[in-house]
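Letter by letter, the chains look like this.
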Amino acid sequence: MAFVQIIEIETNRADEIEELVREWRAKTAGTRTALRGMLTRDRDRPNTYLQIVEFPSYEDAMANSKLPATAELSQKISALSEGPLVFRNLDVESVEEM
């Protein structure tokens, strides 16, 4: 079953976070299990961003989380955040193309 993780980040340093994610992609090429990632900005809450990451399965997401570069990325993003990161772990029940 496909799996999606949403990470809510409150920060005024989104550009720096995007750079960290680019660095993470380079470090994890060939080893990461994430299929797609998106950084979105909440229009209704200033300085609130949602990182949406898709995986083939929950197990793949957990393997990705265990990568040293992923742990490093999480620590660095936390340091740039104005509050704690909020994680949502979602099993994908269905997907429909519109």
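Above this note sits the structure.
The shown structure was predicted, so the numbers you read here are calculated from the model rather than taken from an experiment.

## Remarks on the layout of surface pockets
Thought 1: By volume, the largest pocket is sized at about 510 Å³.
Thought 2: Lining the largest pocket we find 26 residues, and of these I7, W24, Q51, V53 and L73 sit closest to its centre.
Thought 3: Breaking the lining of the largest pocket down by element, the ones donating at least two residues are β1 (3–10), α1 (14–27), β2 (36–41), β3 (48–55), α2 (58–65) and α3 (68–80).
Thought 4: Tallying contributions element by element places α3 first for the lining of the largest pocket, with 5 residues.
Thought 5: Approximately 180 Å³ is the volume found for the second largest pocket.
Thought 6: Around the second largest pocket sit A2, F3, V4, L35, R36, E54, F55, V92, S94, V95 and E97, which together line it.
Thought 7: At the level of secondary structure, the elements contributing two or more residues to the lining of the second largest pocket comprise β1 and β3.
Thought 8: The class makeup of the residues in the lining of the second largest pocket is 7 nonpolar, 1 polar and 3 charged.

## With respect to the pattern of salt bridges
Thought 1: In total, this model carries 7 salt bridges according to the counting rule given.
Thought 2: Notably, a salt bridge pairs R45 with E8, separated by 3.0 Å at the nearest N-O pair. Residue R45 is found in the loop between β2 and β3, and its partner E8 is found in strand β1; the two are separated by 37 residues along the sequence.
Thought 3: On the accessibility criterion, R45 (35% relative accessible area) is partly exposed.
Thought 4: Residue classification places E8 among the partly exposed positions, given a relative accessible area of 21%.
Thought 5: The salt bridge partner of R45 is D42, with a shortest N-O separation of 2.9 Å.
Thought 6: A single network of salt bridges, built from pairs that share partners, joins E8, D42 and R45.

## Topic: the pairing of β3
Thought 1: Where β1 lies against β3, 8 bridges are found, and the strand directions are antiparallel. Bridged to I7 within β3 is Q51.
Thought 2: The sheet contact formed by β2 and β3 spans 6 bridges and is antiparallel. Pairing of T40 across the sheet is with L50, part of β3.
Thought 3: Linking two consecutive strands that pair antiparallel, namely β2 and β3, is a turn of 6 residues; a positive phi of about 65° is found at N47 within it.

Rules and cut-offs
Residues numbered from 1 in each chain as written. Predicted model: local features only at pLDDT ≥ 70, side-chain atom pairs only at ≥ 80, totals over all residues. Heavy atoms only, no water. 1 Å grid on protein atoms, 1.4 Å probe; cavity = no way out; pocket = protein on both sides within 12 Å on 5 of 7 lines; lining within 4 Å. Points joined across faces, edges and corners; volume = space filled by probe spheres on them. Helix = DSSP H or I, 4+ residues; strand = E, 2+ residues; numbered from the N terminus. Nonpolar A, V, L, I, M, F, W, Y, C, P; charged D, E, K, R; others polar. Salt bridge = Lys/Arg side-chain N within 4 Å of Asp/Glu carboxyl O. Buried < 20%, exposed > 50% of the residue type's maximum accessible area, 1.4 Å probe, protein only. Pairing = 2+ DSSP bridges.

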